[in-house]
Amino acid sequence: MHRVYRPRNYLEIGVNDGRSLAISRVPSVAIDPAFKVVTSISCDVHLVKATSDDFFARKDPLVHLRRGRNPFRALARRDPLQMLGGDPKLELSFIDGMHIFEFALRDFMNVEKHSRWNSVIVLDDMLPRNVDEAARDRHTREWTGDVYKVAAVLRRFRPDLLVVEVDTTPTGVVVVFGADPTNTVLKQKYDAILEEYVTEDPQDVPEEVLARKTAVSPDALLGADFWPALIRARNLNRSRSAFADVRRRIERVTG
C-alpha cells in the first residue's frame with residue numbers, strides 16, 4: 001500500500017514491535033500504550049505511548065505532521081491545505097489496536113475526522129477464520145476479536161463509504177475509501193450500535209466472513225487501475241464530487 005498509494009504521511013494505531021511502522025518513509029504518527037520496538041525505524045515519527053482514545057482527545061494530536069511540512073514542497077504539489085497551514089489530513093492510516101469491536105469502531109471514527117475522501121484507511125484482522133479467533137475474550141494464538149463487525153456497521157450506517165475486504169494472510173484486512181470528516185452518523189448512533197452489536201462469546205460470525213466470499217485478492221487491489229486517479233485527486237486536493245468517478249473504478253475491481 002505504501003508503494004502503490006505513495007502517501008505523504010502515515011498514522012498507525014497498534015505499533016507492537018514496529019515491523020509495520022518500519023515500512024514507512026514519510027512523516028508518521030504511531031500510537032500504542034505498550035509498544036516494544038525491536039526493529040530500525042526509517043521515518044520521521046512521533047511515537048506516542050498512549051491509548052488511541054487518549055491520543056485523539058488531545059487538543060492538536062497531529063501537530064507532528066504539521067511541523068514536518070515543507071511549504072516549498074506543498075507549493076510544488078499544489079496542496080492548498082498545506083500551503084495555508086491548515087489542519088494536517090491523514091493520507092494512509094493503519095488501525096491495528098485493541099481487537100474489540102467498540103475500540104476499533106472508535107479508532108475509525110477518530111481517524112476519519114482527520115482524513116479526506118481520497119485518504120486510505122486500513123483496518124487489520126478483519127476476517128477471522130473461525131469463531132474462536134473472533135472471541136472478545138482471547139484464547140487463541142491468532143486473534144481477531146470481534147472487530148469484523150466494523151465492516152458490517154460501516155456498510156449499514158455509512159453507505160457513502162466504500163468498504164473493501166482483502167484476503168490477506170492470516171486474518172484479512174478491510175480497506176475503506178471515501179472518508180467524510182463532516183459525517184456524524186456514527187457519533188450520533190454510537191450507543192445504539194454498541195447495544196446491538198456488542199454480544200457475549202461465542203460470536204455469531206457470518207458465514208460470508210469466515211469464507212471470505214466478498215474478499216478480493218491483495219494483488220488484484222494493489223494492481224488495479226484506480227490508484228493513479230486517487231493519487232491525482234489527493235495531490236490536487238479535488239473536491240468530494242470527484243469520488244464518484246474513483247468509486248466506480250474501485251467497484252469494477254472489487255465488485
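Residues numbered from 1 in each chain as written. Predicted model: local features only at pLDDT ≥ 70, side-chain atom pairs only at ≥ 80, totals over all residues. Heavy atoms only, no water.

Q: Would you mind showing me how to read the overall build of the protein chain here?
A: Tallying secondary structure elements over the protein chain gives twelve helices and seven strands in all. Its C-alpha atoms give the protein chain a radius of gyration of 18 Å, near enough to 18 Å, the size a compact globule of 255 residues would have. On the principal axes, the C-alpha backbone points of the protein chain span a range of 55 × 40 × 35 Å. Every one of the 255 residues in the protein chain was classed for burial, and the buried ones make up 50%. Restricting to contacts in the protein chain with at least 6 residues of sequence separation, those with at least 24 account for 63%. (Helix = DSSP H or I, 4+ residues; strand = E, 2+ residues; numbered from the N terminus. Rg over C-alpha atoms; globule rule 2.2 N^0.38 Å. Buried < 20%, exposed > 50% of the residue type's maximum accessible area, 1.4 Å probe, protein only. Contact = heavy atoms within 4.5 Å.)

Q: I'm lost on the pattern of salt bridges in this one. Help?
A: Between side chains of opposite charge, pairing is possible as soon as their charged atoms come close. Applying the stated criterion across every chain, the model contains 20 salt bridges. Between Glu-91 and Arg-234 there is a salt bridge, with its nearest N and O atoms 3.6 Å apart. Here Arg-234 lies in helix H11 (residues 227-235) and Glu-91 lies in strand S4 (residues 90-95), a separation of 143 residues in the sequence. Residues Glu-91 and Arg-234 agree in their burial class; the two are buried. For Glu-133, the salt bridge identified is with Arg-129, shortest N-O distance 2.5 Å. Glu-133 gets classed as buried once you look at its relative accessible area, which sits at 5%. The structure contains a network of salt bridges with shared partners spanning Glu-102, Arg-136, Asp-146 and Lys-149. (Salt bridge = Lys/Arg side-chain N within 4 Å of Asp/Glu carboxyl O.)

Q: Sorry if this is basic, but what is going on with the packing of helix H7 (residues 149-157) against helix H8 (residues 185-197) here?
A: One can describe the packing of H7 onto H8 by two numbers: an axis separation of 12 Å at closest approach and a directional angle of 130 degrees. With respect to each other, H7 and H8 are oriented oblique. In this structure, the crossing between H7 and H8 has a hand that is right-handed. Facing Lys-149, Val-153, Leu-154, Arg-156 and Phe-157 of H7, the residues of H8 in contact are Val-185, Leu-186, Lys-189, Ile-193, Glu-196 and Tyr-197. Per-class residue counts for the contact of H7 with H8 are seven nonpolar, no polar and four charged. (Axes fitted to C-alpha atoms, helices over the stretch in contact; angles between N-to-C directions. Parallel < 35°, antiparallel > 145°, perpendicular 65-115°, else oblique. Left-handed = near helix turned anticlockwise from the far one by under 90°. Nonpolar A, V, L, I, M, F, W, Y, C, P; charged D, E, K, R; others polar.)

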